[in-house]
Amino acid sequence: MAETLFIPTDTSRGEIYEALFPQIEALIADESDLIANLANITAVLKEAFGFFWVGFYLVKEGQLVLGPFQGPIACTRIPFHKGVCGASYTRAETILVPDVEQFPGHIACSSASRSEIVVPVFHRNGTVAMVLDVDSDQLDDFSETDQAALERIGALITRKL
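We now turn to the structure provided with this report.

Each value, and the rule that gives it
Residues numbered from 1 in each chain as written. Predicted model: local features only at pLDDT ≥ 70, side-chain atom pairs only at ≥ 80, totals over all residues. Heavy atoms only, no water. Core = buried A, V, L, I, M, F, W, Y, C linked by side-chain atoms within 4.5 Å. Buried < 20%, exposed > 50% of the residue type's maximum accessible area, 1.4 Å probe, protein only. Helix = DSSP H or I, 4+ residues; strand = E, 2+ residues; numbered from the N terminus. Contact = heavy atoms within 4.5 Å. Expected span 1.5 Å × (residues − 1). Bend = angle between axes of the 7 residues up to and from the residue. Pairing = 2+ DSSP bridges. Axes fitted to C-alpha atoms, helices over the stretch in contact; angles between N-to-C directions. Salt bridge = Lys/Arg side-chain N within 4 Å of Asp/Glu carboxyl O.

## Some points on the nonpolar core
One broad trend across soluble globular proteins is that nonpolar side chains are buried collectively.
Working step 1: Counting 30 residues, the largest nonpolar core has Leu45, Phe56 and Leu150 as its most contacted members.
Working step 2: Breaking this core down by element, the ones donating at least two residues are α1 (13–29), α2 (34–49), β1 (53–60), β5 (115–122), β6 (128–136) and α4 (144–160).
Working step 3: The dominant element in this core, judged by the number of residues it contributes, is α1, at seven residues.
Working step 4: Not counting residues within four places of it along the chain, the set of residues in contact with phenylalanine 56 comprises Leu38, Ile41, Thr42, Val65, Leu66, Gly67, Pro68, Val121, Met130, Val131, Leu132 and Ile157.
Working step 5: The next biggest cluster of nonpolar side chains, apart from the first, holds 17 residues, and it includes Phe80, Val84, Val97 and Val131.

## Focus on α1
Working step 1: Here α1 is 17 residues long and its end C-alpha atoms lie 24 Å apart, about the 24 Å a rise of 1.5 Å per residue gives.
Working step 2: Taking the largest bend as the criterion, α1 deviates by roughly 30°, centred on leucine 20, and proline proline 22 comes between one and four positions later.
Working step 3: The complete set of buried residues in α1 reads Ile16, Tyr17, Ala19, Leu20, Phe21, Gln23, Ile24, Leu27 and Ile28.
Working step 4: Taken together, the buried residues of α1 touch α2 and α4.

## A closer look at the sheet that holds strand β3 (residues 77–78)
Working step 1: Spatial ordering of the open sheet is given by β3-β2-β1-β6-β5-β4, a layout of six strands whose pairing is antiparallel. What marks the edges here is a single partner per strand, and that holds for β3 and β4 (95–97).
Working step 2: The strands touched by α2 within the sheet are β1, β2 (63–70) and β6, with β1 carrying the most contacts at an inclination of about 155°.
Working step 3: Against the sheet, helix α3 (residues 83–91) contacts β1, β2, β3, β4, β5 and β6, and its axis sits at roughly 35° relative to β5.

## Side note on the pattern of salt bridges
Working step 1: In this structure the tally under the stated criterion is five salt bridges.
Working step 2: With a shortest N-O distance of 3.0 Å, glutamate 18 and arginine 152 are connected by a salt bridge. Pair noted here: glutamate 18 is in helix α1 and arginine 152 is in helix α4, with a separation of 134 residues, a long-range link.
Working step 3: We classify arginine 152 as partly exposed; its relative accessible area is 40%.
Working step 4: Linked by salt bridges that have partners in common, Arg13, Asp141 and Asp146 make up one network.

Here it is, written out as structure tokens:
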């Protein structure tokens, strides 16, 4: 298990993600506990990028329930039809929101959140198991680079389910 994280400096966000992938793979490779793996993944993303909030909402009891996260306290339960997380779950697709104030039905767990990306993570059978939610306190902070990288991280998690 790695106890340190190598994060390149003075480089693009895409290059940082590329440096993180093998480290995340190594970090979760020998660990069978899902919660431990999700906790470490959130820590990696928070440490590498300084995002305002990074966490998982797990599908439980007919709703999305807060899982491991890094950042300020968060909404504990989200109905499938509410907010960006609910929309990502319902549509089974990544949703990138440049300005959360412009997203109909956005749930403001924190007024400091300005932009958001939510990535569904799938069971091997294709159903949504959870969503990875990343919030920024900056407008328009996420791009297709983040989407592709976070979806790739989601695929790493799927292999562990």
